[in-house]
Amino acid sequence: HVLLADTRGPKVLGMRVRDRNERVVARGRAALVGVTAADGDDRTLTVPDDIVLEQSLFDVLRELEPPRRLRAPDGAELDWGQVSEETPLHQLPEYDFLDVSDESRRRRAERTLLLRTGKATDGWVSRRFNRPQSRFFSRWFLRAGLNANAASAISLAVGLACGFAGAQPGAFWLAVTGALFQFASMFDGVDEIG
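Residues numbered from 1 in each chain as written. Predicted model: local features only at pLDDT ≥ 70, side-chain atom pairs only at ≥ 80, totals over all residues. Heavy atoms only, no water.

Let's talk about the side chain of T87
Point 1. Its location among the elements puts T87 in the loop between β7 (77-80) and β8 (89-91).
Point 2. Take T87: its relative accessible area is 8%, and that puts it in the buried class.
Point 3. Engagement of the side chain of T87 in a polar contact is seen with the backbone nitrogen of S84, the distance being 2.6 Å.
Point 4. Ignoring any residue separated from it by four or fewer positions in sequence, one finds T87 in contact with P67, R68, R69 and Q82. (Helix = DSSP H or I, 4+ residues; strand = E, 2+ residues; numbered from the N terminus. Buried < 20%, exposed > 50% of the residue type's maximum accessible area, 1.4 Å probe, protein only. Polar contact = N/O pair within 3.5 Å; in protein donor to acceptor, adjacent residues only side chain to side chain. Contact = heavy atoms within 4.5 Å.)

Brief notes about the packing of aromatic side chains
Point 1. Inspection of every chain in the model, using the stated rule, returns 5 aromatic pairs.
Point 2. Centroid distance W140 to F141: 5.5 Å. Interplanar angle 65°. Geometry classified as edge-to-face.
Point 3. For F141, a relative accessible area of 5% gives the class buried.
Point 4. The interplanar angle of 80° and the centroid separation of 5.3 Å between the aromatic rings of F172 and W173 together place this pair among those described as edge-to-face.
Point 5. Take W173: its relative accessible area is 30%, and that puts it in the partly exposed class.
Point 6. Cluster of aromatic residues (ring-pair linked, three or more members): F136, F137 and F183. (Phe/Tyr/Trp six-rings, centres within 6.5 Å; stacked < 30°, edge-to-face > 60°.)

Structure representation (structure tokens):
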């Protein structure tokens, strides 16, 4: 069970903390509880409005027994169950939740979230060029409040322009086609965040 704060919290990558956490909880197949946890329920994770959850946290929780105090690498803590001073502290090796309580922590959290968009199957071009550019445009899109559909529409437009350029004769149009194809490939990763 997860108990989220009543307030929506600050914006992180264009989305309020509570809205993002609700999505993550649903993906993690956990249940949201109301204003307070059920009496005696020692499995409720209490999340304030300045903590951004990551789906990987639910994998960690499945391996532990509550109650626990959980600590992220940056020192942020979450309570899982009814805790006291004697409750064991579990130090997380990675950022399974992120503190966004002030502007510098929000920027650091956004960077961490964007860096996690890489895939093990990414090739050299994707790791060195496409992903960094996709992250740049993703950050811009999310902060502007645009969604994945807008990114897909732009990617489609670039792809159509690439097709048009590819149908034209000559070396100039061949170079334009290659550049547009690379841009479409890079921009295709923008809608993966959200």
